[in-house]
Each structure stands twice: as structure tokens, then as C-alpha cells.
Amino acid sequence: MTQPPEITYSDELLADDTVHRRYSDGRSEWRSRGGDGRIHWRDDRGDSGTDERLGRDLVKRVHADGRVGYGRDIGYGRTVWGQGRYVLVNRSSFPGRVGVVLGALGLGAGIAAAHYAPEFLSDDEEEELRRQAAERARSGGDGGGDGGSGGDGDFDDGDDRDDHRGDDGFDADGFGSAGDGADGGDPLDDGWDGDDFG
């Protein structure tokens, strides 16, 4: 099986509480959190749009021209976009020796079709994921040890992996790295965490 190409990135928090993201392929993106719960972004190539967390590990990216794509967080600061088109890897999450160790372990390898995001979700499926997330938030989060999902309702997001993965890496307000598991507490308490939606 051919592994998807990796694109790494790092984030820098700016004085105006926006984030400047730099990608290894030369792109730059400026990101800000909207009152609507989405991350609003614009890049140096004239594109813009929003990223929205759906459920436990999906991210929906909507471009200004109406294009929609989905990514699936697979942990350790990695998000697989589409059907394995590429993997975004957050280098900001693992500075220093930890990053070297994780890189040596080859965490980019071993991405399987079960990690792929769906190509399409209906409006009803998206709304069900939003409802489940709101229900988890009302009940005090994911609950720790068993993932605390309280069941995934009737919607099957195609993820056949075991949902017993504990901490999903999201900070208390539901933002941040979808499962990068490295951010822990936010020492700056700046409202940004990890990669803020892959």
C-alpha cells in the first residue's frame, strides 16, 4: 500500500490572537477563531474558508468557492485528508527530543484505509456529528478511559478503529489538535491549542 505524502506545518501565535501557519510545501495560512465555533482561514495564494470540527475526529474544510473536503485526525498531530491524498503533520506539537523520537518511530507510516476521511457526508450526517459533540460537551467531555463517547448514535462515520483511545487531545472548549495528544494544558491560555483543526 502506498503511503500518502506528508506535509508538515508549524504554527505561530501572533499578537492579535490569530495564528500564522507555515507549511513545508511553501504555503502560509492565517487562522482565526470565529464566534461560530469554526476556524476561519486565508492563505497566501488567494484561497480562504473555514475549518469545522465534526464529531470526535473529523474536520470539514469549506473553501470560499464552495469546495468541501474532509480530514480525519489519527493522533500524534496527524490529519489524513480525503482518501489518503496527503497527511498534515503538526511539527509544533512535538518540539525537541520528543519530535525526534516520534519521527524515528515512523509515525507517518502505517496509514490504512480505515484512517481515511469520508469523501462525502450528507447534511443529516454532519448534523448528527454536531449533535453528538454537543451532547458530549454537555455531559462533561469525553469522560476519559473509554473515550466516553456514550455511543456514537446511529451514524457510522466509517471509522472501524477502536474508539477506546482515551484523551482525544482537544482542549476544554473543543478546539485544538484533534487527537494530537501532545498539547496537554495550554500554558499561555491563549485559546489556541496544537493545530486548531488539522
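Please read these numbers as outputs of a predicted model, since none were measured by experiment. (Residues numbered from 1 in each chain as written. Predicted model: local features only at pLDDT ≥ 70, side-chain atom pairs only at ≥ 80, totals over all residues. Heavy atoms only, no water.)

A.B. asks: Would you mind going over the overall build of the protein with me for this structure?
C.D. replies: Summing up its helical and strand segments, the protein has 2 helices and 9 strands in all. Listed N to C, the secondary structure of the protein is β-β-β-β-β-β-β-β-β-α-α in terms of helices and strands. With 198 residues in all, the protein has 45% of them scored as buried. If you take every contact in the protein between residues at least 6 apart in sequence, the share linking residues at least 24 apart comes to 47%. (Helix = DSSP H or I, 4+ residues; strand = E, 2+ residues; numbered from the N terminus. Buried < 20%, exposed > 50% of the residue type's maximum accessible area, 1.4 Å probe, protein only. Contact = heavy atoms within 4.5 Å.)

A.B. asks: Teacher, can you tell me more about the environment of Ser139 here?
C.D. replies: Structurally, Ser139 is set in the segment after helix H2 (123–138). Residue classification places Ser139 among the exposed residues on the basis of a relative accessible area of 55%. Looking at Ser139, its side chain comes within polar contact range of the main-chain oxygen of Arg136, at 3.0 Å. (Polar contact = N/O pair within 3.5 Å; in protein donor to acceptor, adjacent residues only side chain to side chain.)

A.B. asks: Got a minute to help me understand unusual backbone geometry in this structure?
C.D. replies: In this structure, Asp17 is a non-glycine residue whose phi angle is positive, near 65 degrees. With respect to the element layout, Asp17 can be found in the loop between strand E1 (6–13) and strand E2 (19–23).

A.B. asks: What's the story with H2 in this structure? I'm lost.
C.D. replies: Each α-helix winds once per 3.6 residues, and so residues spaced three or four apart point in a common direction. Between its first and last C-alpha atoms H2 spans 22 Å; for 16 residues at 1.5 Å apiece the expected length is 22 Å, and the two agree. Along H2, the positions that sit buried rather than exposed are Glu126, Glu128, Leu129, Gln132 and Arg136. All buried residues of H2 fall inside an arc of 160 degrees around its axis, so they share one side. What points out from H2, more than 90 degrees from its buried face, is the exposed set Asp123, Asp124, Ala137 and Arg138. At its buried positions, H2 is contacted by strand E5 (48–54), strand E6 (58–63) and strand E7 (68–75). Count one or two residues on from H2 and you reach Gly140, which has phi positive near 95 degrees. (Expected span 1.5 Å × (residues − 1). Arc of directions from axis to C-beta.)

A.B. asks: Honestly, the sheet that holds E7 in this entry has me stumped. Any pointers?
C.D. replies: Across a sheet, paired strands are connected by hydrogen bonds in the backbone, their directions being either parallel or antiparallel. Reading around the barrel, the 9 strands line up as E1-E2-E3-E4-E5-E6-E7-E8-E9 and close back on themselves, with mixed pairing between neighbours. On average, each strand axis in the sheet is tilted by 30 degrees relative to the strand beside it, whichever way the strands run. Together, E5, E6 and E7 form the strand contacts of H2, whose direction differs from that of E5 by roughly 60 degrees. (Pairing = 2+ DSSP bridges. Axes fitted to C-alpha atoms, helices over the stretch in contact; angles between N-to-C directions.)

A.B. asks: Looking at this model, I keep getting lost on the confidence of the model for the protein. Mind explaining?
C.D. replies: Note that predicted coordinates carrying low pLDDT should not be read in detail. Of the residues in the protein, 61% have a pLDDT of 70 or more, and the chain-wide mean is 73. Looking at the elements of the protein, mean pLDDT is at its lowest for helix H1 (residues 96–104), recorded as 50, and at its highest for strand E4 (residues 39–43), recorded as 98. Note that pLDDT drops below 50 for residues 143–192; the model gives that stretch 120 contacts with residues more than four away or on any other chain. (pLDDT = per-residue confidence, 0-100.)

A.B. asks: Mind showing me how you'd approach the pattern of salt bridges here?
C.D. replies: When their charged atoms lie close together, side chains carrying opposite charge are able to pair. Enumeration according to the criterion identifies 19 salt bridges in this entry. Arg61 is paired through a salt bridge with Glu29; the nearest N and O atoms lie 3.3 Å apart. With Arg61 in strand E6 and Glu29 in strand E3 (residues 28–33), this residue pair connects regions lying 32 residues apart in the sequence. As far as the burial class goes, Arg61 and Glu29 line up, both buried. (Salt bridge = Lys/Arg side-chain N within 4 Å of Asp/Glu carboxyl O.)

A.B. asks: Would you mind going over the nonpolar core with me for this structure?
C.D. replies: Side chains of nonpolar character tend, in soluble globular proteins, to be buried together. The biggest cluster of nonpolar side chains holds 7 residues, and these are Ile7, Tyr9, Tyr23, Val59, Trp81, Tyr86 and Leu88. Contributing elements (two or more residues each) for this core: E1 and strand E9 (86–90). (Core = buried A, V, L, I, M, F, W, Y, C linked by side-chain atoms within 4.5 Å.)

A.B. asks: Is there a simple way to think about the packing of aromatic side chains in this case?
C.D. replies: When we look at a pair of aromatic rings, we describe it by the centre distance and by the angle of the planes. Applying the stated rule across the entire model yields 1 aromatic pair. Positioned above the aromatic ring of Trp41, the side-chain terminus of Arg61 is 3.9 Å from the ring centre. (Phe/Tyr/Trp six-rings, centres within 6.5 Å; stacked < 30°, edge-to-face > 60°. Lys NZ or Arg CZ within 6 Å of the ring centre and 35° of its normal.)

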